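# Inside the fold
Chain by chain, the residues:
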Amino acid sequence: MPRYLDVQAPENGVQLITLQRPEALNALCTELLAELATALDAAALDDQIGAVVLTGSRKAFAAGADIREMAERDLVGILNDPRVAHWQRIAAFAKPLIAAVNGYALGGGCELVMCADIVIAGTDARFGQPEINLGIIPGAGGTQRLLRAVGKPLAMQMVLTGEAITARHAQQAGLVSEVTQPEFTVERAMQVARSIAAKAPLAVRLAKEALLKAGDTDLASGLRFERHAFTLLAGTADRDEGIRAFQEKRPARFQGR
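Reference entry: report on the structure contained in this document. None of these values were measured; they are calculated from a predicted model.

The next point concerns the packing of helix α1 (residues 30–45) against helix α4 (residues 83–91). At a minimum axis separation of 9 Å, α1 and α4 run at an interaxial angle of 30 degrees. Taken as axis vectors, α1 and α4 run roughly parallel relative to one another. Relative to α4, the crossing made by α1 is left-handed. Where α1 abuts α4, its residues Thr30, Leu33, Ala34, Leu36, Ala37, Thr38, Leu40 and Asp41 lie against Arg83, His86, Trp87, Arg89 and Ile90. Among the residues forming the contact of α1 with α4, the class breakdown is 7 nonpolar, 3 polar and 3 charged.

Set out below in C-alpha coordinates:
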(Lines give C-alpha, C1' and ligand atoms only; values in the text may rest on other atoms or scores of the structure.)
Protein backbone atom coordinates (compact mmCIF):
# COMPACT_ATOMS: atom_id res chain seq x y z
CA MET A 1 0.00 0.00 0.00
CA PRO A 2 1.28 3.49 -0.80
CA ARG A 3 2.46 5.44 2.23
CA TYR A 4 2.15 8.94 0.87
CA LEU A 5 -0.70 8.58 -1.65
CA ASP A 6 -4.42 7.90 -1.60
CA VAL A 7 -5.10 6.07 -4.86
CA GLN A 8 -8.81 5.69 -5.54
CA ALA A 9 -10.35 2.95 -7.65
CA PRO A 10 -11.33 4.25 -11.09
CA GLU A 11 -14.86 5.57 -11.49
CA ASN A 12 -16.39 6.55 -14.83
CA GLY A 13 -12.98 6.13 -16.42
CA VAL A 14 -11.20 8.47 -13.98
CA GLN A 15 -8.75 7.73 -11.19
CA LEU A 16 -8.16 10.25 -8.40
CA ILE A 17 -4.71 10.30 -6.78
CA THR A 18 -4.19 12.47 -3.70
CA LEU A 19 -0.81 13.39 -2.27
CA GLN A 20 -0.93 12.70 1.46
CA ARG A 21 2.03 13.98 3.42
CA PRO A 22 0.27 16.72 5.41
CA GLU A 23 2.92 17.15 8.09
CA ALA A 24 5.32 18.38 5.38
CA LEU A 25 2.78 20.18 3.15
CA ASN A 26 3.13 17.29 0.69
CA ALA A 27 6.86 17.91 0.18
CA LEU A 28 8.06 15.56 -2.54
CA CYS A 29 10.38 13.11 -0.87
CA THR A 30 11.93 10.26 -2.85
CA GLU A 31 9.43 7.69 -1.57
CA LEU A 32 6.44 9.84 -2.52
CA LEU A 33 7.79 10.37 -6.04
CA ALA A 34 8.45 6.64 -6.39
CA GLU A 35 4.91 5.83 -5.25
CA LEU A 36 3.46 8.35 -7.69
CA ALA A 37 5.51 7.03 -10.60
CA THR A 38 4.39 3.48 -9.77
CA ALA A 39 0.74 4.51 -9.52
CA LEU A 40 0.88 6.24 -12.89
CA ASP A 41 2.64 3.25 -14.48
CA ALA A 42 -0.24 1.08 -13.24
CA ALA A 43 -2.85 3.55 -14.49
CA ALA A 44 -1.23 3.57 -17.92
CA LEU A 45 -1.82 -0.18 -18.20
CA ASP A 46 -5.38 -0.16 -16.84
CA ASP A 47 -7.99 -0.08 -19.61
CA GLN A 48 -10.59 1.10 -17.08
CA ILE A 49 -8.71 4.39 -16.66
CA GLY A 50 -9.01 7.06 -19.33
CA ALA A 51 -7.61 9.98 -17.32
CA VAL A 52 -6.05 10.67 -13.93
CA VAL A 53 -6.67 13.60 -11.57
CA LEU A 54 -3.80 14.46 -9.24
CA THR A 55 -4.38 16.68 -6.23
CA GLY A 56 -3.07 17.54 -2.76
CA SER A 57 -4.73 19.19 0.21
CA ARG A 58 -6.61 22.48 0.51
CA LYS A 59 -3.50 24.04 2.04
CA ALA A 60 -0.90 22.70 -0.35
CA PHE A 61 -0.75 20.78 -3.60
CA ALA A 62 2.96 20.30 -2.85
CA ALA A 63 5.12 22.89 -1.16
CA GLY A 64 8.36 21.72 -2.77
CA ALA A 65 11.05 19.09 -2.51
CA ASP A 66 12.03 17.58 0.83
CA ILE A 67 14.75 20.00 1.99
CA ARG A 68 16.02 17.77 4.80
CA GLU A 69 16.43 14.91 2.35
CA MET A 70 18.19 17.21 -0.12
CA ALA A 71 20.58 18.52 2.54
CA GLU A 72 21.83 15.00 3.19
CA ARG A 73 23.05 14.60 -0.39
CA ASP A 74 26.43 15.87 -1.53
CA LEU A 75 27.49 16.34 -5.16
CA VAL A 76 27.79 12.60 -5.79
CA GLY A 77 24.46 11.99 -4.07
CA ILE A 78 22.74 14.54 -6.29
CA LEU A 79 24.46 13.09 -9.37
CA ASN A 80 23.09 9.64 -8.53
CA ASP A 81 19.74 10.96 -7.31
CA PRO A 82 17.06 8.24 -7.79
CA ARG A 83 14.39 10.95 -8.07
CA VAL A 84 15.50 11.71 -11.62
CA ALA A 85 14.18 8.36 -12.83
CA HIS A 86 10.92 8.85 -10.93
CA TRP A 87 10.40 12.27 -12.53
CA GLN A 88 11.03 10.78 -15.97
CA ARG A 89 8.38 8.12 -15.41
CA ILE A 90 5.87 10.71 -14.19
CA ALA A 91 6.50 12.98 -17.18
CA ALA A 92 6.16 10.03 -19.58
CA PHE A 93 2.61 9.13 -18.45
CA ALA A 94 0.75 8.60 -21.73
CA LYS A 95 -2.81 9.26 -20.59
CA PRO A 96 -4.24 12.70 -19.76
CA LEU A 97 -3.12 13.95 -16.34
CA ILE A 98 -5.18 16.74 -14.76
CA ALA A 99 -3.77 18.61 -11.77
CA ALA A 100 -6.25 20.04 -9.26
CA VAL A 101 -4.26 22.65 -7.34
CA ASN A 102 -5.15 24.40 -4.10
CA GLY A 103 -2.71 26.30 -1.92
CA TYR A 104 1.02 26.09 -2.45
CA ALA A 105 2.57 24.61 -5.60
CA LEU A 106 6.17 25.61 -5.05
CA GLY A 107 9.51 24.25 -6.23
CA GLY A 108 9.03 20.57 -6.99
CA GLY A 109 5.30 21.09 -6.53
CA CYS A 110 5.25 23.60 -9.37
CA GLU A 111 7.39 21.26 -11.44
CA LEU A 112 4.90 18.45 -10.79
CA VAL A 113 2.07 20.73 -11.91
CA MET A 114 3.94 21.31 -15.16
CA CYS A 115 4.04 17.55 -15.79
CA ALA A 116 0.23 17.64 -15.96
CA ASP A 117 -1.62 18.23 -19.22
CA ILE A 118 -4.43 20.34 -17.77
CA VAL A 119 -4.30 22.44 -14.59
CA ILE A 120 -7.40 23.47 -12.63
CA ALA A 121 -6.47 25.86 -9.82
CA GLY A 122 -8.31 27.27 -6.86
CA THR A 123 -8.24 31.03 -6.40
CA ASP A 124 -5.93 30.51 -3.41
CA ALA A 125 -3.29 28.60 -5.37
CA ARG A 126 0.25 29.97 -5.56
CA PHE A 127 2.87 28.86 -8.06
CA GLY A 128 6.57 29.47 -7.70
CA GLN A 129 10.15 28.28 -8.06
CA PRO A 130 11.86 29.54 -4.86
CA GLU A 131 15.03 27.42 -5.19
CA ILE A 132 17.17 30.51 -5.77
CA ASN A 133 16.62 31.39 -2.10
CA LEU A 134 18.52 28.22 -1.15
CA GLY A 135 21.43 28.95 -3.45
CA ILE A 136 20.29 26.42 -6.04
CA ILE A 137 18.06 26.31 -9.14
CA PRO A 138 15.07 24.17 -10.11
CA GLY A 139 16.26 20.66 -10.87
CA ALA A 140 13.21 18.72 -12.06
CA GLY A 141 12.33 20.64 -15.19
CA GLY A 142 11.46 23.98 -13.62
CA THR A 143 13.65 26.14 -15.84
CA GLN A 144 12.75 24.32 -19.05
CA ARG A 145 9.02 23.69 -18.67
CA LEU A 146 8.31 27.03 -17.01
CA LEU A 147 9.84 29.06 -19.82
CA ARG A 148 7.88 27.04 -22.38
CA ALA A 149 4.67 27.53 -20.40
CA VAL A 150 4.79 31.23 -19.48
CA GLY A 151 7.47 32.74 -21.70
CA LYS A 152 10.93 34.12 -20.99
CA PRO A 153 10.17 37.34 -19.04
CA LEU A 154 7.89 35.80 -16.41
CA ALA A 155 9.94 32.59 -16.12
CA MET A 156 13.07 34.67 -15.55
CA GLN A 157 11.30 36.75 -12.91
CA MET A 158 9.91 33.73 -11.07
CA VAL A 159 13.15 31.74 -11.09
CA LEU A 160 15.57 34.62 -10.40
CA THR A 161 13.51 36.26 -7.64
CA GLY A 162 11.93 33.12 -6.20
CA GLU A 163 8.62 34.99 -5.96
CA ALA A 164 5.35 33.11 -6.42
CA ILE A 165 2.44 34.16 -8.62
CA THR A 166 -1.30 33.90 -8.04
CA ALA A 167 -3.67 31.51 -9.75
CA ARG A 168 -5.12 34.32 -11.88
CA HIS A 169 -1.64 35.43 -12.96
CA ALA A 170 -0.75 31.81 -13.74
CA GLN A 171 -3.87 31.48 -15.88
CA GLN A 172 -3.12 34.68 -17.78
CA ALA A 173 0.42 33.46 -18.41
CA GLY A 174 -0.65 30.04 -19.67
CA LEU A 175 0.41 27.86 -16.74
CA VAL A 176 -3.17 27.21 -15.59
CA SER A 177 -6.13 26.35 -17.81
CA GLU A 178 -8.96 27.28 -15.44
CA VAL A 179 -9.46 28.96 -12.05
CA THR A 180 -12.30 28.08 -9.71
CA GLN A 181 -13.27 28.44 -6.07
CA PRO A 182 -11.04 26.22 -3.89
CA GLU A 183 -13.91 24.03 -2.70
CA PHE A 184 -14.73 23.12 -6.31
CA THR A 185 -11.21 22.53 -7.66
CA VAL A 186 -11.17 18.75 -7.42
CA GLU A 187 -14.80 18.46 -8.51
CA ARG A 188 -14.13 20.55 -11.63
CA ALA A 189 -10.97 18.58 -12.43
CA MET A 190 -12.91 15.33 -12.13
CA GLN A 191 -15.59 16.73 -14.43
CA VAL A 192 -12.98 17.59 -17.06
CA ALA A 193 -11.36 14.17 -16.65
CA ARG A 194 -14.68 12.35 -17.06
CA SER A 195 -15.33 14.27 -20.26
CA ILE A 196 -11.95 13.18 -21.63
CA ALA A 197 -12.36 9.58 -20.46
CA ALA A 198 -15.61 9.33 -22.44
CA LYS A 199 -13.78 10.04 -25.71
CA ALA A 200 -12.12 7.49 -28.01
CA PRO A 201 -9.00 6.30 -26.14
CA LEU A 202 -6.76 6.01 -29.19
CA ALA A 203 -7.74 9.48 -30.39
CA VAL A 204 -7.06 10.93 -26.93
CA ARG A 205 -3.65 9.24 -26.79
CA LEU A 206 -2.57 10.46 -30.22
CA ALA A 207 -4.00 13.93 -29.63
CA LYS A 208 -1.89 14.26 -26.47
CA GLU A 209 1.21 13.02 -28.30
CA ALA A 210 0.64 15.46 -31.16
CA LEU A 211 0.14 18.41 -28.82
CA LEU A 212 3.28 17.57 -26.86
CA LYS A 213 5.19 17.20 -30.11
CA ALA A 214 4.44 20.85 -30.86
CA GLY A 215 6.53 21.86 -27.86
CA ASP A 216 9.68 19.96 -28.77
CA THR A 217 9.94 20.01 -32.55
CA ASP A 218 9.70 22.37 -35.51
CA LEU A 219 6.38 23.15 -37.20
CA ALA A 220 7.01 21.01 -40.29
CA SER A 221 7.88 17.94 -38.22
CA GLY A 222 4.90 18.54 -35.95
CA LEU A 223 2.55 18.79 -38.90
CA ARG A 224 3.91 15.52 -40.32
CA PHE A 225 3.33 13.79 -36.97
CA GLU A 226 -0.19 15.21 -36.78
CA ARG A 227 -1.06 14.00 -40.27
CA HIS A 228 0.38 10.57 -39.58
CA ALA A 229 -1.69 10.27 -36.39
CA PHE A 230 -4.80 11.53 -38.19
CA THR A 231 -4.30 8.89 -40.88
CA LEU A 232 -3.78 6.09 -38.36
CA LEU A 233 -7.06 6.93 -36.65
CA ALA A 234 -8.90 6.54 -39.97
CA GLY A 235 -8.38 2.80 -39.57
CA THR A 236 -9.96 2.49 -36.12
CA ALA A 237 -13.38 1.16 -35.22
CA ASP A 238 -13.90 4.10 -32.88
CA ARG A 239 -13.55 6.55 -35.74
CA ASP A 240 -16.29 4.70 -37.66
CA GLU A 241 -18.46 4.63 -34.53
CA GLY A 242 -17.93 8.35 -33.93
CA ILE A 243 -19.03 9.24 -37.45
CA ARG A 244 -22.05 6.93 -37.30
CA ALA A 245 -23.09 8.30 -33.93
CA PHE A 246 -22.86 11.86 -35.24
CA GLN A 247 -24.96 11.01 -38.29
CA GLU A 248 -27.51 9.16 -36.18
CA LYS A 249 -27.61 11.94 -33.58
CA ARG A 250 -26.76 9.66 -30.63
CA PRO A 251 -23.92 9.41 -28.13
CA ALA A 252 -20.92 7.47 -29.42
CA ARG A 253 -19.96 4.18 -27.75
CA PHE A 254 -16.21 4.03 -28.01
CA GLN A 255 -14.40 0.74 -27.37
CA GLY A 256 -10.74 1.68 -27.75
CA ARG A 257 -10.37 -0.17 -31.04
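Next comes the rest of the account.
Taken in spatial order, the 4 strands of this open sheet run β4-β6-β8-β9, and their pairing is mixed. Two strands in the sheet have a free side with no partner beyond their single neighbour: β4 (60–62) and β9 (165–166).

Here helix α9 (residues 185–197) is 13 residues long and its end C-alpha atoms lie 18 Å apart, about the 18 Å a rise of 1.5 Å per residue gives. If you check which residues of α9 are buried, you get Thr185, Ala189, Met190, Val192, Ala193 and Ile196. The arc that holds the buried residues of α9, viewed along the axis, is 160 degrees, so those residues lie on one side. Where α9 is buried, its residues touch β2 (14–19), β3 (51–55), β5 (97–101), β7 (118–122), β10 (178–180) and α10 (201–216).

Take the sheet that holds β10 next. Spatial ordering of the open sheet is given by β1-β2-β3-β5-β7-β10, a layout of 6 strands whose pairing is mixed. A strand with exactly one partner marks an edge of an open sheet, and here the two such strands are β1 (5–7) and β10. Averaged over all pairs of adjacent strands, the angle between their axes in this sheet comes to 20 degrees, without regard to strand direction. Summarising the sheet, β2 and β3 pair through 5 bridges and their orientation is parallel. Residue pairing in the sheet places Gln15 in a bridge with Val52 of β3. Each of β1, β2, β3 and β5 is contacted by α1, which is oriented at about 180 degrees to β2, the strand it contacts most. Across the face of the sheet, α9 comes into contact with β2, β3, β5, β7 and β10 while running at roughly 160 degrees to β7.

When you tally the buried positions in β5, you get 5 out of 5 residues, the bulk of the element. Side-chain alternation along β5 places Leu97, Ala99 and Val101 on one buried face and Ile98 and Ala100 on a second face that is also buried. For β3 and β5, the ladder comprises 4 bridges, and the chain directions are parallel. Bridging from a neighbouring strand, Val53 pairs with Ile98 of β5. Of the strand pairs in this sheet, β5 and β7 are connected by 4 bridges, and their pairing is parallel. Of the residues in β7, the one forming a bridge with Ala100 is Ile120.

Look at helix α11 (residues 219–233): 21 Å from first C-alpha to last across 15 residues, which is about the 21 Å you get at 1.5 Å a residue. Among the residues of α11, those classed as buried are Gly222, Ala229 and Leu233. Looking straight down α11, one finds its buried side chains confined to an arc of 40 degrees; they lie on one side. Every exposed residue of α11 that faces more than 90 degrees away from the buried side is listed here: Arg224 and Arg227. Next to the buried residues of α11 lie α10 and α12 (237–247). The N-cap of α11, judged by a side-chain oxygen 3.2 Å from the amide nitrogen of Ala220 a few residues on, is Asp218.

When its volume is computed, the largest pocket comes out at roughly 970 Å³. Around the largest pocket sit 27 residues that line it, and Met114, Cys115, Ala116, Asp117 and Leu212 are the ones nearest its centre. Those elements giving two or more residues to the lining of the largest pocket turn out to be β7, α6 (142–150) and α10. Sort the elements by how many residues they give to the lining of the largest pocket and α10 lands first, with 7 residues. Its residues assigned to classes, the lining of the largest pocket shows 18 nonpolar, 3 polar and 6 charged.

The subject of this paragraph is the side chain of Thr18. Tracing the backbone shows Thr18 in strand β2. Judged by relative accessible area, Thr18 falls into the buried class, the value being 13%. In this structure, Thr18 is in contact with Tyr4, Leu5, Asp6, Thr55 and Gly56, ignoring residues within four places of it in sequence.

Calculation notes
Residues numbered from 1 in each chain as written. Predicted model: local features only at pLDDT ≥ 70, side-chain atom pairs only at ≥ 80, totals over all residues. Heavy atoms only, no water. Axes fitted to C-alpha atoms, helices over the stretch in contact; angles between N-to-C directions. Helix = DSSP H or I, 4+ residues; strand = E, 2+ residues; numbered from the N terminus. Parallel < 35°, antiparallel > 145°, perpendicular 65-115°, else oblique. Left-handed = near helix turned anticlockwise from the far one by under 90°. Contact = heavy atoms within 4.5 Å. Nonpolar A, V, L, I, M, F, W, Y, C, P; charged D, E, K, R; others polar. Pairing = 2+ DSSP bridges. Expected span 1.5 Å × (residues − 1). Buried < 20%, exposed > 50% of the residue type's maximum accessible area, 1.4 Å probe, protein only. Arc of directions from axis to C-beta. Polar contact = N/O pair within 3.5 Å; in protein donor to acceptor, adjacent residues only side chain to side chain. 1 Å grid on protein atoms, 1.4 Å probe; cavity = no way out; pocket = protein on both sides within 12 Å on 5 of 7 lines; lining within 4 Å. Points joined across faces, edges and corners; volume = space filled by probe spheres on them.

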